[in-house]
Structure formats: structure tokens, C-alpha cells
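Secondary and tertiary structure notes
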Amino acid sequence: MKILVTGGTGYIGSHTVLALLESGHEVVVVDNLVNSSEESLRRVAELAGKAAVFVEADLLDEPALESVFGQHSVDAVIHFAGLKAVGESVQQPLAYYHNNIVGTLNLLRAMDAHDVRSIVFSSSATVYGEHNPIPYIEKMEIGANNPYGRTKEQIEDILTDLGAADTRWHVALLRYFNPVGAHPSGRIGEDPQGIPNNLVPFIAQVAVGRREKLMVFGGDYDTPDGTALRDYIHVVDLADGHVAALDYVATRPGVHRWNLGSGRGTSVLEMLHSFEKAVGHALPYEITSRRPGDLPAFWADASSALADLGWSTTKTIDQMTEDHWRWQKNNPNGYNAS
Ligand code: NAD
Ligand code: WQD
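A short tour of the structure in this document, coming up. (Residues numbered from 1 in each chain as written. Chains lettered and ligands numbered in written order. Predicted model: local features only at pLDDT ≥ 70, side-chain atom pairs only at ≥ 80, totals over all residues. Heavy atoms only, no water.)

**Points about the site of ligand 1**
Our working definition: Proximity criterion: a residue is near a molecule or strand once any of its heavy atoms comes within 4 Å of it. Here a polar contact is recorded for every N or O atom pair within 3.5 Å, except that within protein the pair must consist of a potential hydrogen donor and a potential acceptor, and residues adjacent in sequence are included only if both atoms are side-chain atoms. For the area figures, the Shrake-Rupley method with a 1.4 Å probe applies, and any residue is considered shielded solely by the protein chains shown. Labels follow the DSSP assignment, with helices taken as runs of H or I lasting at least four residues and strands as runs of E lasting at least two, numbered in each case from the N terminus. The classification used treats Ala, Val, Leu, Ile, Met, Phe, Trp, Tyr, Cys and Pro as nonpolar, Asp, Glu, Lys and Arg as charged, and all other residues, Gly among them, as polar.
For ligand 1, the set of nearby residues contains 27 residues, the closest of which are Asp31, Asn35, Ser36, Phe80 and Tyr148. At 2.8 Å, a backbone N or O of Ile12 approaches an oxygen atom of ligand 1. The separation between an oxygen atom of ligand 1 and a polar side-chain atom of Tyr148 is 2.6 Å. Considered on its own, ligand 1 offers 820 Å² of accessible surface; in the complex 95% of this is hidden by protein. Those elements that provide at least two residues to the shell around ligand 1 are helix H1 (11–22), strand S5 (118–124) and helix H6 (147–165). Here the shell around ligand 1 takes 3 residues from S5, the largest share from any one element. Looking at the shell around ligand 1 residue by residue, the classes come out as 12 nonpolar, 11 polar and 4 charged.

What follows is the structure, given as C-alpha cells:
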């Protein structure tokens with residue numbers, strides 16, 4: 001199939017483009033490079049032995065989208081493009097709603113106009129909000145507690161309404177848990193701009209000397225070691241989950257939702273200690289106060305993805321930190337000047 005990947009130069013997108021090329025699909029990437037570099041796709045091409053077509057365009061630019069669909073006969077879309085920092089979304093809700101919601105509406109309208117009605121969408125575990133018991137199951141009522149998460153929830157609603165109104169749509173809503181790691185080659189990985197918000201990129205920058213120490217947000221949670229539990233998933237497993245979902249929806253109309261996670265919780269300190277093993281020495285850290293909005297613990301019920309897609313995670317926490325470290329060590333400044 002020919003797959004249009006929005007946000008395909010980004011962290012999860014670039015790993016998924018590689019998985020698609022390796023599965024024999026053709027790929028067209030649309031990205032405005034607001035949080036990524038085209039260098040990722042050059043390296044994907046090196047790894048795959050073939051290249052994706054790259055179009056630098058913004059999903060807010062309707063004529064540009066129209067021309068992409070006019071020039072390429074696309075069979076399906078994987079939609080990663082969006083802004084994703086929770087804290088920033090609280091400060092700049094309009095920018096987040098505009099970019100994520102209007103960008104998605106433009107994409108869906110262009111798809112509809114060109115008779116392309118298969119889409120795999122990047123949703124997030126954040127849609128489960130604060131009140132659901134763990135583990136999270138797809139049939140639970142959702143309700144995000146921050147503007148970023150609400151954009152994901154609202155896009156899920158838009159796609160659900162679309163699927164109900166027109167049975168020609170094939171929709172997969174994928175709720176990712178905590179993606180970490182990098183391709184085992186160390187050539188592609190996560191390249192956060194500025195101070196990393198997420199745990200593993202922050203630890204990686206401490207390990208490479210770009211940050212002084214890890215601040216562990218909260219040591220007094222009701223968990224085995226007092227630090228919060230999350231369901232970390234290797235980005236290569238996550239990428240494979242997209243290929244599986246795409247194959248599934250290709251022949252099945254309707255709206256399908258799956259958690260992509262491992263089904264296990266790992267603490268902040270366990271993650272840090274695994275990273276230390278990969279690096280070969282201890283890393284400085286300090287336990288500080290809880291981060292506002294954080295939950296003590298959550299992980300996925302991952303059984304639906306296994307039952308429907310035959311997909312489950314294959315990689316361990318140590319593989320995630322080893323691969324993340326290889327990427328960071330080989331590219332201390334990410335895609336810049338390496
Ligand atoms: P990323 O920032 O690396 O990738 C997103 C890409 O979208 C970037 O390359 C960015 O330049 C592009 N983009 C943003 N707005 C755009 C626009 N208007 N037009 C064109 N391109 C645009 O982030 P990622 O971690 O790879 O995340 C990919 C998707 O998965 C996002 O939708 C994110 O919300 C979702 N997600 C991420 C996580 C995570 O922890 N990384 C967890 C759950 C869901
Ligand atoms: C993990 C744990 C922190 C940084 C976020 C988004 C979510 C999804 C994934 C997109 C928490 C602790 C972190 C640090 C720390 N993204 N931590 N020191 O918050 O589970 O999820 O990313 O959809 O929507 O909210 O991930 O990596 O930020 O934090 O102690 O410097 O690490 O408190 O317990 P989170 P995270």
C-alpha cells in the first residue's frame with residue numbers, strides 16, 4: 001500500500017516509517033518540522049535501503065494538503081502530526097487546539113475528498129484521565145485532564161462520529177502508553193528540543209552530561225519504592241503495532257480502539273537503575289516534590305491488541321534503556337551536528 005504518514009519525521013513517526021518500508025509499503029511523509037528534523041528520514045532511508053517521499057507542509061495549510069493527495073494516490077493515512085507537551089498545552093491551549101484539531105479536520109476533509117478513508121490515529125493513555133481504575137481497558141469512559149489530552153479525546157470523538165456517519169471509514173485509535181527507546185542501530189531516536197519533559201530523555205541527557213541530575217518527582221507514592229509507575233513501551237514495538245493496526249483496518253471498516261502498552265508498571269527508580277546498567281555507572285538524582293497532574297500509577301490492559309492484532313510488546317525495560325543510551329551516546333546533540 002501507499003501510506004501517507006503525517007508527523008513522519010518525528011520520534012514515533014520515523015520509527016514507524018522504517019517499519020512500513022521494511023514491510024514493503026511505499027511511504028509519503030508530510031511534516032512541517034516544527035519539532036523534528038528531515039535528517040531522521042535520511043537515516044531511515046539508510047537503514048531501509050529505500051526512501052520515503054518527503055513533503056514539508058503544515059496540516060493547517062489546506063492547499064498544500066490538497067496537492068499532496070492530488071499528486072500521490074494514497075491508500076491509507078497514519079496520523080502522528082501534533083503538538084504533544086502537556087505543560088505547554090496548559091500555557092497555550094489555543095495553539096494546541098488550533099494545531100491538533102484544525103490540522104486533523106483539514107486532513108480528514110482532504111482524505112474524504114480524495115476517497116481515502118483508512119486512518120490510524122496516535123491517541124494517548126492520557127485520555128483515560130484521573131478517575132479510571134488500573135489497568136486501563138479500551139471500553140472505559142474517557143476524560144482527559146489537560147488541553148493536550150483533550151485534543152486527543154476530541155479527535156477520537158471526531159473520528160468516532162465520522163465512522164458512525166459513513167460506514168466507508170476504517171479507523172484505528174491507538175492509545176500509546178509511555179514510548180521510550182530507539183532503533184537498535186542507534187541511528188534514529190528521540191530528539192527533544194529544549195529541556196526534556198519526559199523521564200527517559202531527561203535521564204539520557206544526564207548520562208551524556210547535558211543536565212546535572214535527574215529530579216525524581218515524588219518519592220512518597222503508595223508504590224513499592226515510593227516513585228510513580230508507568231507502562232513503558234519500546235518505540236520499535238510501538239512502530240510494529242501501527243503496521244499491525246493498518247493491516248487489520250485495511251479489510252475492516254468501523255472504528256477500532258486499542259491500547260498499545262506492555263501491561264506492566266515500572267517505577268521511576270527502576271527505570272533510572274536500568275539506565276545506569278546500560279551506561280555502566282551510577283547517575284546523580286534527587287527526590288523532590290510530586291509534579292502537578294501526575295498520577296501515582298497506570299498501565300495498560302494490553303489484551304485487546306493481542307487478541308485482535310496478534311500484537312504484543314517483545315522488548316524488556318533493559319532493551320529500552322540500552323537502545324536509548326546507544327542513540328544518545330552516538331548522537332549527544334540529537335540530529336544536530338552529529
Ligand atoms: P514528535 O513531536 O516527535 O512528532 C510529531 C511530529 O508532528 C513532529 O515531527 C512535528 O514536526 C509534526 N507536526 C506537528 N504539528 C504539525 C502540523 N501542523 N503540520 C505538520 N506536521 C506537524 O512526537 P512523537 O513523540 O513522535 O509523537 C507522535 C504522536 O504520538 C503525537 O500525535 C503525540 O501526541 C502522540 N503520542 C506521543 C506520546 C509520547 O510520549 N511520545 C505518547 C502518546 C501519544
Ligand atoms: C514518567 C514518570 C514523572 C521526568 C507523558 C504525558 C502523556 C504521554 C506520555 C503523550 C512520571 C517522572 C519525569 C523527570 C521524573 N504523552 N519524571 N522526573 O507523565 O507518564 O506521560 O508522556 O501522549 O500524555 O503526560 O511521562 O515521561 O513525563 O513521566 O521523576 O524529569 O517519570 O513524574 O512519574 P508521563 P513522563
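**A word on the site of ligand 2**
Around ligand 2, a shell composed of 19 residues is seen, among which Ser124, Tyr148, Met215, Arg230 and Asp294 lie nearest. Within the backbone of Leu199, a nitrogen or oxygen atom sits 2.8 Å from an oxygen atom of ligand 2. A distance of 2.8 Å is found between an oxygen atom of ligand 2 and a side-chain nitrogen or oxygen belonging to Arg291. Here ligand 2, which alone exposes 680 Å², has 88% of that area covered by the protein.

**Considering the pattern of salt bridges**
Defined as follows: For this analysis, a salt bridge means a side-chain nitrogen from Lys or Arg found within 4 Å of a carboxyl oxygen belonging to Asp or Glu. When accessible area is computed with a 1.4 Å probe and restricted to protein chains, residues below 20% of their type maximum are described as buried, those above 50% as exposed, and intermediate ones as partly exposed.
Scanning the model with the defined rule gives 13 salt bridges in all. Between Glu46 and Arg187 there is a salt bridge, with its nearest N and O atoms 3.0 Å apart. Here Glu46, found in helix H2 (residues 39–48), pairs with Arg187, found in the loop between strand S7 (178–180) and helix H7 (199–207); they are 141 residues apart in sequence, far enough to count as distant. With a shortest N-O distance of 2.7 Å, Lys277 and Asp318 are connected by a salt bridge. On the criterion of sequence distance, the pair formed by Lys277 in helix H9 (residues 268–279) and Asp318 in helix H11 (residues 317–330) is long-range, its members being 41 residues apart. On the accessibility criterion, Lys277 (58% relative accessible area) is exposed. For Asp318, a relative accessible area of 27% corresponds to the partly exposed category.

**Describing the sheet that holds strand S6 (residues 170–176)**
Quick reminder of the rule: Pairing between strands is defined by DSSP: at least two bridges between the two strands are required. Fitted lines through C-alpha atoms give the axes, limited to the stretch in contact for helices. The angle between two N-to-C directions lies from 0 to 180 degrees. By definition, residues are in contact when any of their heavy atoms lie within 4.5 Å.
The strand order S3-S2-S1-S4-S5-S6-S11 describes an open sheet built from 7 strands, whose pairing is parallel. The sheet is open, and its two edges are formed by strand S3 (53–56) and strand S11 (254–260), each paired on a single side. In this sheet, neighbouring strand axes are inclined to one another by 20° on average, regardless of whether the strands run parallel or antiparallel. The pairing of S5 with S6 spans 7 bridges and is parallel. Looking across to S6, one finds that Ser118 is bridged to His170. Taken strand by strand, H6 contacts S5, S6 and S11, and its axis lies near 150° from that of S5. Where helix H8 (residues 235–250) meets the sheet, its contacts fall on strand S1 (2–6), strand S4 (76–79), S5, S6 and S11, and the angle it forms with S6 comes to roughly 160°.

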